[in-house]
Amino acid sequence: MEKINPVVHFEMPALDRNRMSVFYANAFGWKTQMLGEDMGNYVVVTTTETDDDGMIKNPGSINGGFFPKNEETPDQYPSLVIGVENIREAMDNIMAAGGTLLGEPAEIKGHGLHLSFYDTEGNKVSIIQPTIKMPSSGK
């Protein structure tokens, strides 16, 4: 069976990360962890339980994050992050399918290699080759 790459993370921009964190905590019970300037003031968002290795306990659920909205950067909308086993292979597949890569992969310390791209419809999406091995989605 051909491997299917799962959505493993979501991201949303925030003008005020504190306000956004309080909203999602109150509306949906999400937990947030504010990271510092060394991590781009990112907010890690927990929407489902994880084990000691940070892996999702509930199949089909994902966690995410909020990033600071920057008026000088285009296309800051909610987006999906797709987990891949080999980022270079995924980059080749994206280009072959008509997508446009946005730069080169960047390492997110402790999480893996990350890269954004535009799909054929102009949607900005990302891929990540996680540091921790992803569970198999094949049967």
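Attention here is on the structure that accompanies the text. (Residues numbered from 1 in each chain as written. Predicted model: local features only at pLDDT ≥ 70, side-chain atom pairs only at ≥ 80, totals over all residues. Heavy atoms only, no water.)

### Comments concerning the nonpolar core
Next, step 1: Formed by Val84, Ile87, Ala90, Met91, Ile94, Leu101, Leu115, Phe117, Val125 and Ile127, the largest nonpolar core amounts to ten residues.
Next, step 2: Elements supplying a minimum of two residues to this core: helix H2 (87-96), strand E8 (112-118) and strand E9 (124-130).
Next, step 3: Examining the composition of this core, we find that four residues originate from one element, H2, more than from any other.
Next, step 4: If near-sequence neighbours (up to four positions away) are discounted, Met91 is found in contact with Leu101, Glu104, Pro105, Leu115 and Ile127.
Next, step 5: With nine residues, the next largest nonpolar core counts Ala14, Val43, Val45 and Phe66 among its residues. (Core = buried A, V, L, I, M, F, W, Y, C linked by side-chain atoms within 4.5 Å. Buried < 20%, exposed > 50% of the residue type's maximum accessible area, 1.4 Å probe, protein only. Helix = DSSP H or I, 4+ residues; strand = E, 2+ residues; numbered from the N terminus. Contact = heavy atoms within 4.5 Å.)

### Regarding the pairing of strand E5 (residues 79-83)
Next, step 1: Of the two faces of E5, only the one carrying Ser79, Val81 and Gly83 is buried; Leu80 and Ile82 on the other face are not.
Next, step 2: Here strand E1 (residues 7-14) runs beside E5; their pairing, made up of four bridges, is antiparallel. Bridged to Phe10 within E5 is Leu80.
Next, step 3: Pairing between E5 and E9: three bridges, direction parallel. Across the sheet, the residue bridging to Val81 is Ser126, located in E9. (Pairing = 2+ DSSP bridges.)

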